[in-house]
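Chain by chain, the residues run as shown.
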Amino acid sequence: MHNVDDKRIQQLGDELFSALRTREMIEPLTEREPAITIDDAYHISLRLVERRVADGERIIGKKIGVTSKAVQNMLNVHQPDFGYLTDRMVYGNGDEMPISEQLIQPRAEGEIAFILKKDLSGPGVTNADVLAATEAVMPCFEIVDSRIRDWKIKIQDTVADNASCGLFVLGDRAVDPRKVDLATVGMVVEKNGQIISTGAGAAALGSPVNCVAWLANTLGRFDIPLKAGEVILSGSLVPLEPVVAGDFMRVEIGGIGSASVRFV
């Protein structure tokens, strides 16, 4: 359902693009457009992504956000959302990530990335379909960021803002998803050598596989497939952790591997 007209949708998408590039915060969209719907927000996010692609970025995957109860409660947002990943967002394991040049108010989360070998088009995608379409799973850090002032977001704000996407790091190895039980797999996150959180695959909608199926089916309503070769970030298994330049983080996922990143 649309409550915001097309011209305003374009304006808000352009405003978010400008905020992304200048690293400046904007006031919550939900305060300025109280009638904004989730559908409006998805259209704003598509405008934001169009601007990024026009500026030379290439879409390489998608992410699912706000899947864990811990994150839902923290942000007071009670359903998952999705955003697009581009080639300018990805870093390799152990890389230095220039958050002070690129992000505004970053927070890190540990998750499992799925690398697809076949398209997944909803509706009707099952967990078995997800596993059959997945080439490999990898450990991942997603560094989320919000262009909305002080993370004062409702679901419409984060959806419009490309699901609060920032940057992400893929870990040291890729594993066949049929070789690990993704619902019971454990995750340990360290910051500057101290364990700060632990989680299990079940934290994300019962299993990261459920998350990818949810995404394929949700995007199916917009005629958007998950494509072979894409990276799909399946949602955090631990609470979000604010990070600053100088921090070092590492995530270890049982049976899958680890990922680490140094923030500069």
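Counting restarts for each chain, with residues numbered from 1 along the sequence as it is written. The predicted origin of the model limits local features to residues at a pLDDT of at least 70 and limits the giving and counting of side-chain atom pairs to 80 or more, whereas totals for whole chains, interfaces and linings rest on all residues. Side-chain figures throughout are based on the complete set of non-hydrogen atoms in the structure, without hydrogens or water.

**A closer look at the environment of Ala204**
1) Next: The helix and strand labels rest on DSSP assignments: H or I over at least four residues marks a helix, E over at least two residues marks a strand, and numbering proceeds from the N terminus. Positionally, Ala204 belongs in the loop between strand S9 (194-200) and helix H8 (208-220).
2) Next: Using a relative accessible area of 0% as the deciding quantity, one classes Ala204 as buried.
3) Next: Residues Ala204 and Val238, spaced 34 residues apart in sequence, show a C-alpha to C-alpha distance of 9.0 Å. The buried label goes to any residue with under 20% of its type's maximum accessible area, the exposed label to any with over 50%, and the partly exposed label to all in between, with areas taken from a 1.4 Å probe on protein chains only.

**A few points about the environment of Asp6**
1) Next: Tracing the sequence through the fold places Asp6 in helix H1 (residues 6-22).
2) Next: C-alpha of Asp6 to C-alpha of His43: the two residues are 37 residues apart in sequence and 8.8 Å apart in space.

**Brief notes about the pairing of strand S12 (residues 248-253)**
1) Next: Burial along S12 is one-sided: the residues Met249, Val251 and Ile253 are buried and none of Phe248, Arg250 and Glu252 is.
2) Next: One ladder, built from 5 bridges, connects strand S8 (residues 186-191) with S12; its direction is antiparallel. For Glu190, the partnering residue across the bridge sits in S12 and is Arg250.
3) Next: Think of it this way: DSSP has to see at least two bridges between two strands before they count as a pair. Where S12 meets strand S13 (residues 257-263), 6 bridges bridge the pair, whose relative direction is antiparallel. Bridge assignment links Phe248 to a residue of S13, and that residue is Arg262.
4) Next: Linking S12 to S13, which pair antiparallel, is a turn of 3 residues; within it Gly255 sits at a positive phi near 80°.

**Overview of H1**
1) Next: A rise of 1.5 Å per residue sets the reference length of H1, with its 17 residues, at 24 Å; its end C-alpha atoms lie 24 Å apart and thus fit the reference within 8%.
2) Next: Of the residues making up H1, those classed as buried are Ile9, Leu12, Gly13, Leu16, Phe17, Ala19 and Leu20. End-on view of H1: buried residues confined to an arc of 160°, all on one side of the axis.
3) Next: Along its buried surface, H1 packs onto helix H2 (29-32), helix H3 (38-54) and helix H7 (155-160).
4) Next: The N-capping residue of H1, defined by a side-chain oxygen 3.1 Å from the backbone nitrogen of Lys7, is Asp5.
5) Next: Phi for Arg23, located one or two positions after H1, is positive at around 55°. One fewer than the residue count of a helix, multiplied by 1.5 Å, yields its expected span. In this description, the arc belongs to the directions extending from the helix axis to the C-beta atoms. Any two residues whose heavy atoms approach within 4.5 Å at even a single point are treated as in contact. Identification of polar contacts relies on pairs of N or O atoms within 3.5 Å, with a donor-acceptor requirement for protein atoms, meaning one able to donate a hydrogen and the other able to accept it, and with residues adjacent in sequence counted only if both atoms are side-chain atoms.

Honestly, it's all geometry; don't read function into it.
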